[in-house]
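Chain and residue survey
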Amino acid sequence: QVQLVESGGGLVQPGGSLRLSCSASGTIFSINAMGWYRQAPGNQRELVAGITDSGNTNYADSVKGRFTISRDNAKNTVYLQMNSLKPEDTAVYYCKAGIQLRAFRPARDYWGQGTQVTVSS
């Protein structure tokens, strides 16, 4: 069984920083793309940032220049460094990973349980 476990959320003042982590555990053959999504109350879940297995990244326009996604393939972990946080960044943040459990089997998406990020003074 594969699990994605997020950590690093919390309460921070506007202009502050947080670093989210998401680690995958279980019987894993390989991990393809990984990403961070967020969902604020009343809103749909949206992509914040993504990173391929080769390190190519993409970001939502609203976070470009403030957030940085990275990954450590040896640790099956993806990170999201969030700087210059704004109240509108407040949401539950989820990680997603495309995971292949065995060779020659298709990858499927797994989601973490979510971690709350609140930006408020």
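Higher on the page you've got the structure.
Figured I'd write up the structure that's included with this text. (Residues numbered from 1 in each chain as written. Predicted model: local features only at pLDDT ≥ 70, side-chain atom pairs only at ≥ 80, totals over all residues. Heavy atoms only, no water.)

For the structure shown, the criterion picks out 1 disulfide. Shown here is the disulfide that connects Cys22 with Cys95, its sulfur atoms set 1.9 Å apart. Here Cys22 is found in strand β3 (residues 18-25), whereas its partner Cys95 is found in strand β9 (residues 91-100), with 73 residues between them in sequence. We note that Cys22, like Cys95, is buried. (Disulfide = S-S within 2.5 Å. Helix = DSSP H or I, 4+ residues; strand = E, 2+ residues; numbered from the N terminus. Buried < 20%, exposed > 50% of the residue type's maximum accessible area, 1.4 Å probe, protein only.)

Right, let's talk about the packing of aromatic side chains for a bit. Evaluated as defined, the whole model comprises 1 aromatic pair. Above the ring of Trp111, the side-chain terminus of Arg45 is found at 4.7 Å from the ring centroid. (Phe/Tyr/Trp six-rings, centres within 6.5 Å; stacked < 30°, edge-to-face > 60°. Lys NZ or Arg CZ within 6 Å of the ring centre and 35° of its normal.)

What tends to happen in soluble globular proteins is that the nonpolar side chains get buried as a cluster. With 30 residues, the main nonpolar core has Trp36, Leu80, Met82 and Tyr93 as its most contacted residues. Element by element, the count of residues in this core is highest for β9, at 5 residues. If we ignore the near neighbours within four places in the chain, the residues touching Leu80 are Leu18, Arg19, Leu20, Trp36, Val48, Ala49, Phe67, Thr68, Ile69 and Tyr93. (Core = buried A, V, L, I, M, F, W, Y, C linked by side-chain atoms within 4.5 Å. Contact = heavy atoms within 4.5 Å.)

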